[in-house]
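Listed below, chain by chain, are the residues.
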Amino acid sequence: MSEQEQTSSNGRRLLELFAAVWFMSFNIWGALIGPIIIVFLIFTSSKFWIFVVAYLVWIWVLDRNTAAEGGRRCEWMRKWKLWAHFKNYFPVYLKQSVDFQLQPNKNYLFCAFPHGLLSVGVFSSFVTASEDFAQLFPKHKPYVFTFDVKFRLPIYREYLLSMGMCTGTPDSLHSVLGTRKGGNIGVLVVGRPSPENYPRNYTIVLKNQKGFVKQAIKNGCALVPVIAFGEDDIFRQIDKPKTTFFRPFQDFFQIFMGLAPSVFLKNGLLPKRKAIHVIVGPPMEVKRMSRPLQNDVNVVHREFLVNLVDLFEKHKYDYVDDPENTYLIYC
């Protein structure tokens, strides 16, 4: 490699590193920055407090429903060059399991697994304006659902809305998936982070998670299984058995913050540079029912689990280090 090529390569790696640091810092601490700034301005500034109060009224009263009505995306922000560098840091790839075309007049619910600690694969593939997504699904627009509480946080909510994200409430899913003209893809990371995601395990919290199936039935949209191979490999947690006193503390942080403090004890600030392959399986058609019975939901849920396991078993030999001893476990 020539000196010029070496310099260019080093420059790219530095940009990728910066993008990873920015993503980690903002997504972990960004939720706290807004409230801190708001409190600081209220108690220290005699000039700006009235604007702060007006802004809080705006986000908590006047604009509170925007995140449940399709959001307010900013394509300029979704196309930042920063996201391309972030994608190349690992890198992240978005692929189809088999060659298929989505019907432009239909809506689809992509159900992504595993949750991981920060859902990096989903963020890079569906939240940012990914070139891979545009090539695979040119007639559809992605809407990524997340916790409603995040849209109550000052400043941070504007970042989420600009990136095209919405709340994961039933009304929000209906606003995206219930439109008759079609062309929408709702993306839902089902379940929550599981502390048992150690090597040779893909543990997903799904056995009793059936709300997404019910919403798919009510809106008549196909369910699409998505597996991000490598998502659980970019972080390694310190093993903590369920019987230790540390476990409740770990669970609390994983549910409400998205990751456990033990992560940093073993990883430092940055995730590993390891490829993440986001594989999209073929759609599973769902019959529309305005008031599905629990048995209807259970039948579709079981069928979806079968499709999800089949997708994992089909591709684990391509993307898992030890496929013979690696299993998809749902609890």
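Residues numbered from 1 in each chain as written. Predicted model: local features only at pLDDT ≥ 70, side-chain atom pairs only at ≥ 80, totals over all residues. Heavy atoms only, no water.

**Some points on the overall build of the protein**
Then comes step 1: When helices and strands are counted, the protein shows 12 helices and nine strands.
Then comes step 2: Working note: accessible area of the protein is about 16700 Å², and carbon and sulfur atoms make up 59% of it. (Helix = DSSP H or I, 4+ residues; strand = E, 2+ residues; numbered from the N terminus. Areas by Shrake-Rupley, 256 points an atom, 1.4 Å probe, with all protein chains shown as cover.)

**Some details on the sheet that holds strand S4 (residues 165–167)**
Then comes step 1: Taken in spatial order, the seven strands make up an open sheet running S1-S8-S7-S2-S5-S3-S4, and their pairing is mixed. With one partner strand each, in any of the chains shown, strand S1 (92–96) and S4 form the two edges of the open sheet. Each strand axis lies, on average, 25° off the axis of its neighbour in the sheet, ignoring direction.
Then comes step 2: As judged from the five bridges shared by S1 and strand S8 (residues 276–280), these two strands associate in the parallel manner. Pairing of Gln96 across the sheet is with Val280, part of S8.
Then comes step 3: Of the strands in this sheet, S1, strand S2 (108–113), strand S7 (222–229) and S8 touch helix H12 (residues 294–319), which is tilted by about 30° from S7. (Pairing = 2+ DSSP bridges. Axes fitted to C-alpha atoms, helices over the stretch in contact; angles between N-to-C directions. Contact = heavy atoms within 4.5 Å.)

**A few points about the nonpolar core**
Then comes step 1: Among the nonpolar cores identified, the biggest contains 47 residues, and Phe110, Val120 and Phe126 are the most heavily contacted of them.
Then comes step 2: Leaving out residues up to four positions away in the same chain, Phe110 has contacts with Leu102, Phe126, Phe137, Ile185, Gly186, Val187, Leu188, Val224, Val226 and Val280.
Then comes step 3: Counting residues in hydrophobic clusters, the runner-up holds 34 residues, among them Leu109, Cys111, Phe113 and Leu223. (Core = buried A, V, L, I, M, F, W, Y, C linked by side-chain atoms within 4.5 Å. Buried < 20%, exposed > 50% of the residue type's maximum accessible area, 1.4 Å probe, protein only.)

**Section: the UniProt feature "transmembrane region" (unreviewed entry) in the protein**
Then comes step 1: The positions UniProt marks with the feature "transmembrane region" (unreviewed entry) are residues 21–42 and 48–63.
Then comes step 2: Along residues 48–63 the backbone is 88% helical and 0% strand, and the end-to-end C-alpha distance reaches 21 Å. (UniProt positions renumbered as here; feature names shortened; annotations may be inferred.)

**Considerations on the packing of aromatic side chains**
Then comes step 1: Throughout the structure, instances matching the rule amount to 16 aromatic pairs.
Then comes step 2: Centre to centre, the rings of Tyr89 and Phe90 are 4.9 Å apart; their planes meet at 85°, and the pair counts as edge-to-face. Assigned by exposure class, Tyr89 and Phe90 land together as buried.
Then comes step 3: Aromatic side chains Phe229 and Phe312 sit 5.5 Å apart centroid to centroid with 20° between the ring planes, which places their arrangement in the stacked category. Of the two residues, Phe229 sits in strand S7 while Phe312 sits in helix H12, which places them 83 residues apart along the sequence. Of the two residues, Phe229 and Phe312, both sit in the buried class. (Phe/Tyr/Trp six-rings, centres within 6.5 Å; stacked < 30°, edge-to-face > 60°.)

**Focus: the packing of helix H9 (residues 211–219) against H12**
Then comes step 1: Following both chains from N to C, one finds H9 and H12 inclined at 110°, their axes separated by 9 Å at the closest point. It follows that H9 is roughly perpendicular to H12 by the angle criterion. Packed against H9, whose contacting residues are Phe212, Val213, Lys214 and Ile217, the element H12 presents Asp296, Val297, Val300, His301 and Phe304 at the interface. (Parallel < 35°, antiparallel > 145°, perpendicular 65-115°, else oblique.)

**Concerning unusual backbone geometry**
Then comes step 1: The omega torsion of the bond from Phe90 to Pro91 falls at -5°, within 30 degrees of zero and hence cis.
Then comes step 2: Within the secondary structure, Pro91 sits in the loop between helix H4 (81–89) and S1.
Then comes step 3: The omega torsion across Phe113 and Pro114 is -15°, close enough to zero to call that bond cis.
Then comes step 4: With phi around 50°, Ser119 is a residue other than glycine that occupies positive phi space.
Then comes step 5: Look at Ser119 and you get buried, because its relative accessible area is 12%.
Then comes step 6: A positive phi angle is found at Ile155, which is not glycine, with a value near 70°.
Then comes step 7: Looking at the element boundaries, Ile155 is found in the loop between strand S3 (141–146) and helix H7 (156–162).
Then comes step 8: When its relative accessible area of 35% is taken as the criterion, Ile155 is described as partly exposed.

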